[in-house]
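# Breakdown of the fold
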Amino acid sequence: MSAVPSSYAGVVPMNSPGTYLNWGVIHISLANVIVIVLMLVVFALALVLPFPGRKR
Amino acid sequence: MTAQPGDERMWTARLRRRAVDTLPPDKLLPDRQPAYVASWIYVFGVATLAALLVVLASGGVLALFGPQWYHTSTVGRFVNSLHLWSVELFFFAMVVHLWGKFFMAAWRGRRAMTWITGAIAFLGSIATAFTGYVLQSNFDSQWISTQAKDGLNSVGIGAWFNVLDYGQMLMFHIALLPAVLGFIVVWHVLLVRRRGVVPPYATDAEILDTAPDAEATAPEPTAPAPTEAARSDEVAS
């Protein structure tokens, strides 16, 4: 497979090993942590943001 | 074609009556939804379905043109990426949907089977996505399949399939698992339509206001329904 085009590689270093975080027995990639945090943020926003067109 | 005497006893008529009784058209495609559905947390179920449709459509195009096309041409790589990223969005929306329904206790009010089919669809989606990740024909897929092979063998189910067998995983990914998943998802959606969207928890004040004195001492075994005012205050879907 060819390497990721350089235009992408400038934004995210996709041609190097991923970054992993370690806390004791927990071993998780930074990408997965970012996605989990994003899901939590979206979940919280879905609970508090007003829905368009809602009367009350 | 006019109906003949006795037609109503034919199996076709009985099946038709049963289908309409089970899923009345106004429940299958309602014009309005209860007022409580006007919240962002209720959006993630249909967002999951929308992402699934993109997954299926892009997967269909990939199957039509084949790996020579989607690994080498510009449009092919775009569709391949569309397939991958719609799967990521599918899981993102499904997990938020799962959290929302978990904290609403969405199995209340005779909705246990809706919850169960949703949970099975979630697990089936993981299996289907896994078989897709091992088909990428790169070092990533090689790593995933060899690690999964050890994991599956360690839990004693490695004899049933071989995740290093590209042909078998391709058939699992494009035929077997999508058919099973599609059936479960349709079942889940029909149950949502039949039982309705789960209402939010009633507040203590609403329970006290609506509960008759005779029932005040015995707690409701299923979900306390929202007040009649909230039910009738419907919004257009």
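Above this text is the structure in question.
Calculation rules
- Residues numbered from 1 in each chain as written.
- Chains lettered and ligands numbered in written order.
- Predicted model: local features only at pLDDT ≥ 70, side-chain atom pairs only at ≥ 80, totals over all residues.
- Contact = placed C-beta atoms within 7 Å.
- Nonpolar A, V, L, I, M, F, W, Y, C, P; charged D, E, K, R; others polar.
- Pairing = 2+ DSSP bridges.
- Helix = DSSP H or I, 4+ residues; strand = E, 2+ residues; numbered from the N terminus.
- Core = buried A, V, L, I, M, F, W, Y, C linked by C-beta atoms within 7 Å.
- Buried ≥ 20, exposed ≤ 12 C-beta atoms within 10 Å, placed from the backbone.

Time to look at the interface of chain B and chain A. Reports often express the size of an interface as the amount of accessible area lost when the parts come together. Contact residues are listed per partner, giving 9 residues for chain B and 10 residues for chain A. Partitioning the side of chain B that touches chain A into residue classes produces 7 nonpolar, 2 polar and no charged.

Before going further, it helps to spend a moment on the pairing of strand β1 (residues 20-23) of chain A. Looking along a regular strand, one sees side chains alternate from face to face of the sheet. All names here are of chain A. When β1 meets strand β2 (residues 26-29), the two strands line up antiparallel, connected through 4 bridges. From the neighbouring strand, Leu21 faces β2, where its bridge partner is Ile28. Taking the residues that link successive antiparallel strands as the turn, the β1-β2 hairpin has 2 residues, and the phi of Gly24 there is positive, at about 60 degrees.

All names here are of chain B. In this structure, Phe44, Ala51, Leu52, Val55, Phe90, Ala93 and Val185 are the most contacted members of the largest nonpolar core, which totals 15 residues. Every element with two or more residues in this core is listed here: α3 (44-65), α5 (74-103) and α8 (166-195). Looking at this core element by element, the count peaks at 5 residues for α5. Leaving out residues up to four positions away in the same chain, Leu52 has contacts with Phe90 and Val185. Ranked by size, the runner-up nonpolar core spans 5 residues in total, among them Val134, Val163, Phe172 and Leu177.

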